[in-house]
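In case you want the letters, here they are:
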Amino acid sequence: VQIGFGLQNDRLVVHTLPEISPFRRDFTATNGKVPISANILITTDNGYALYVDGRLVGSGKNFTSAQRYCVPLVNSCNVFAVAAQNSVASPAGLLAAIQIRYSDGFVDNIVTDGEWHAVSGTPAGFEQCAFDDSLWPAAFVEGPYPTTAPWNVPQFAITIPPESQDPGPSLQSAQWIWTNELTAPGSNVPAGSRAFHKTVLTPNNELVVQAKILIATDNAFTIYVNCLLVGSGESFRVADRYVVNFPPTSRVVIAVYATNFASPAGVFAAFDLVTCNCSDDVSFVTDGSWKYNLESPADFIDPNFDDSAWPFAVTEGGFGAKTWGQTTVPTTNSPQSPAANGAPNAPPADVVA
């Protein structure tokens, strides 16, 4: 889910005096949901300090450049507070969009609107969860973004940073892998389909919600994430790029049904698992830790499939290996696609095209 201004009609909430004005927005999860993190997009004319649950998260001084923050949340206290500063006696406004992610994979969206409270002056401790703002009036709402004057002219256009600066997975450390049918790296092997399997348990049981995938196969593949069909392809020269969303989990199972038409064979892939609590991504590649099976049992895509008796994959070389050369990495995502002939059928994954 992308978060940006314009989400659910965010409003500019404003003051016009050259002073610091505190804003608060309490948030209470409903129906027993457990909030995990908040993705925040914010800007203020002229400057701000942002607090979440009493902790200073960040600040900004250029209202034409919005900033993003990812903040872990706790279940007992959730308050968003902003000390907004107007540097001179001129129009001033706070504009924010906040996406709350829950442990069950659902999200809520909060925007700057009349649900926020604001006063003049800066009461001590206003950013803390225990602070009582019940007597504060609602923030004054001037209008929606991006049509509200004076911010609706080109010179005041707001630059919104991308959702992520992460370039995604890299094939540079990946290995081409196949089965023990190899007599040497890149050697000819019998035609046919083989199953490859990888179970990833995240460090400290971090919850992940998305997989970013690069995969190339000599000759064809069908790939599954947690028993859901992602897509298929038939190129070892150009990788396929997939972005797959799924409910929060600390265990991810990747299954690949790979087919060799004749001659050399290999699977070559890299993965980034995106956490939902603002931790670093979990990255892994095809290497000798993967498991394989010559028979491709139909249920090997099941997340609970036991591959403990399967042998480890055989590596054939890394990026630029002599047999395949340098694999081209695409700049666009591949869409979800049907399984290849003979591959297991499965429900489609939530693939971001």
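Novice: I'd like a rundown of the overall build of the protein, residues and numbers included.
Specialist: The helix and strand tally for the protein stands at zero helices and 23 strands. For the protein, the spread of C-alpha atoms along the principal axes amounts to about 75 × 45 × 30 Å. Within the protein, the fraction of its 353 residues that count as buried is 52%. The long-range fraction of contacts in the protein, counting pairs at least 24 apart against all pairs at least 6 apart in sequence, stands at 77%. As displayed, the protein has an accessible area near 15600 Å², and 52% of this comes from carbon and sulfur atoms.

Novice: Requested: an account of the packing of aromatic side chains, with residues and values cited.
Specialist: Inspection of the entire model under this criterion finds 11 aromatic pairs. On the numbers, 6.3 Å between centres and 35° between planes, the contact of Phe300 with Trp310 is tilted. Remark: Trp310 occurs in the loop between strand S21 (291-293) and strand S22 (314-318) and Phe300 occurs in the loop between S21 and S22; sequence separation between them is 10 residues. Three or more aromatic residues joined by ring pairs make a cluster, and in this case those are Trp176, Phe268, Phe319 and Trp324. Cation over ring: Lys291 sits above Phe312, and NZ or CZ is 4.9 Å from the ring centre.

Novice: Describe the environment of His197, listing the residues and the values that go with them.
Specialist: The residue His197 is located in strand S13 (residues 192-201) in this model. For the pair His197 and Phe312, spaced 115 residues apart in sequence, the C-alpha to C-alpha distance is 9.6 Å. Excluding residues within four positions of it along the chain, His197 makes contact with Val253, Ile254, Ala255, Trp290, Lys291, Phe300, Asp302, Phe305, Asp307 and Trp310. At 2.8 Å, the side chain of His197 forms a polar contact with the side chain of Asp307.

Novice: Can you tell me about the pairing of strand S4 (residues 47-52), naming the residues and giving the values?
Specialist: Each regular strand carries side chains that alternate between the two faces of the sheet. Taking burial as the measure, the six residues of S4 include six buried ones, the bulk of the element. The alternating pattern of S4 places Gly47, Ala49 and Tyr51 and Tyr48, Leu50 and Val52 on opposite faces, both of which are buried. Relative to strand S7 (residues 79-85), S4 is paired through six bridges, and the arrangement is antiparallel. In the sheet register, Val52 faces S7, and the bridge partner there is Phe80. Both S4 and strand S5 (residues 55-60) contribute to a ladder of five bridges, which runs antiparallel. In the strand pairing of S5, Ala49 is matched with Ser59. Taking the residues that link successive antiparallel strands as the turn, the S4-S5 hairpin has two residues, and the phi of Asp53 there is positive, at about 55°.

Novice: Describe the side chain of Asn78, and please don't skip the residues or the numbers.
Specialist: By secondary structure assignment, the location of Asn78 is in the loop between strand S6 (67-72) and S7. In this structure Asn78 comes out as buried when scored by relative accessible area, which is 9%. If sequence neighbours within four positions are ignored, Asn78 has contacts with Arg25, Asp26, Phe27, Pro35, Asp53 and Leu73.

Novice: Pulling in residues and values, what's your account of unusual backbone geometry?
Specialist: Glycine aside, the phi torsion of most residues is negative, and most peptide linkages are trans. Here the bond from Tyr145 into Pro146 is cis, since omega is 5°, no more than 30 degrees from zero. By secondary structure assignment, the location of Pro146 is in the loop between strand S11 (141-144) and strand S12 (175-178). A positive phi angle, near 55°, is found at Ser296, a position not held by glycine. Relative to the helices and strands, Ser296 resides in the loop between S21 and S22. A residue is classified by how much of its surface remains accessible, and Ser296, at 14% relative accessible area, is buried.

Novice: Account for the environment of Leu273, naming residues and giving values.
Specialist: By secondary structure assignment, the location of Leu273 is in strand S19 (residues 266-275). Using a relative accessible area of 0% as the deciding quantity, one classes Leu273 as buried. Residues Leu273 and Pro169, 104 residues apart in the sequence, show an inter-C-alpha distance of 9.1 Å. In this structure, Leu273 is in contact with Val200, Val208, Gln210, Ala211, Val252, Asp281, Val282 and Phe284, ignoring residues within four places of it in sequence.

Novice: Kindly report on the confidence of the model for the protein, identifying the contributing residues and their values.
Specialist: Low pLDDT means the predicted coordinates in that region are not meant to be read closely. The share of residues in the protein with pLDDT of 70 or more is 94%, and the mean pLDDT across the chain is 90. Within the model, pLDDT remains below 50 along residues 1-9, and this stretch shows 32 contacts once partners closer than five positions in the same chain are excluded.

Novice: Please give an account of the sheet that holds S7 that cites residues and values.
Specialist: The antiparallel open sheet is built from five strands, whose spatial order is S5-S4-S7-S2-S10. Each edge of the sheet is formed by a strand with only one pairing partner; in this case those strands are S5 and strand S10 (117-118). Where strand S2 (residues 20-26) and S10 come together, two bridges link them in antiparallel fashion. Bridging across to S10, Phe23 finds its partner in Ala118.

Novice: Lay out the sheet that holds S13 in plain terms, naming residues and giving numbers.
Specialist: Pairing between the strands of a sheet is mediated by backbone hydrogen bonds and can be parallel or antiparallel. The strand order across the open sheet formed by five strands is S16-S15-S18-S13-S21, and the pairing between neighbours is antiparallel. For this open sheet the edge positions go to strand S16 (228-233) and S21, each flanked by a neighbour on one side alone. Taking each pair of neighbouring strands and ignoring which way they run, the sheet shows an average axis angle of 20°. Sheet topology note: the strand S15 (residues 220-225)/S16 ladder contains five bridges and is antiparallel. By the bridge assignment, Tyr224 is partnered in S16 with Leu229.

What counts and what doesn't
Residues numbered from 1 in each chain as written. Predicted model: local features only at pLDDT ≥ 70, side-chain atom pairs only at ≥ 80, totals over all residues. Heavy atoms only, no water. Helix = DSSP H or I, 4+ residues; strand = E, 2+ residues; numbered from the N terminus. Buried < 20%, exposed > 50% of the residue type's maximum accessible area, 1.4 Å probe, protein only. Contact = heavy atoms within 4.5 Å. Areas by Shrake-Rupley, 256 points an atom, 1.4 Å probe, with all protein chains shown as cover. Phe/Tyr/Trp six-rings, centres within 6.5 Å; stacked < 30°, edge-to-face > 60°. Lys NZ or Arg CZ within 6 Å of the ring centre and 35° of its normal. Polar contact = N/O pair within 3.5 Å; in protein donor to acceptor, adjacent residues only side chain to side chain. Pairing = 2+ DSSP bridges. pLDDT = per-residue confidence, 0-100. Axes fitted to C-alpha atoms, helices over the stretch in contact; angles between N-to-C directions.

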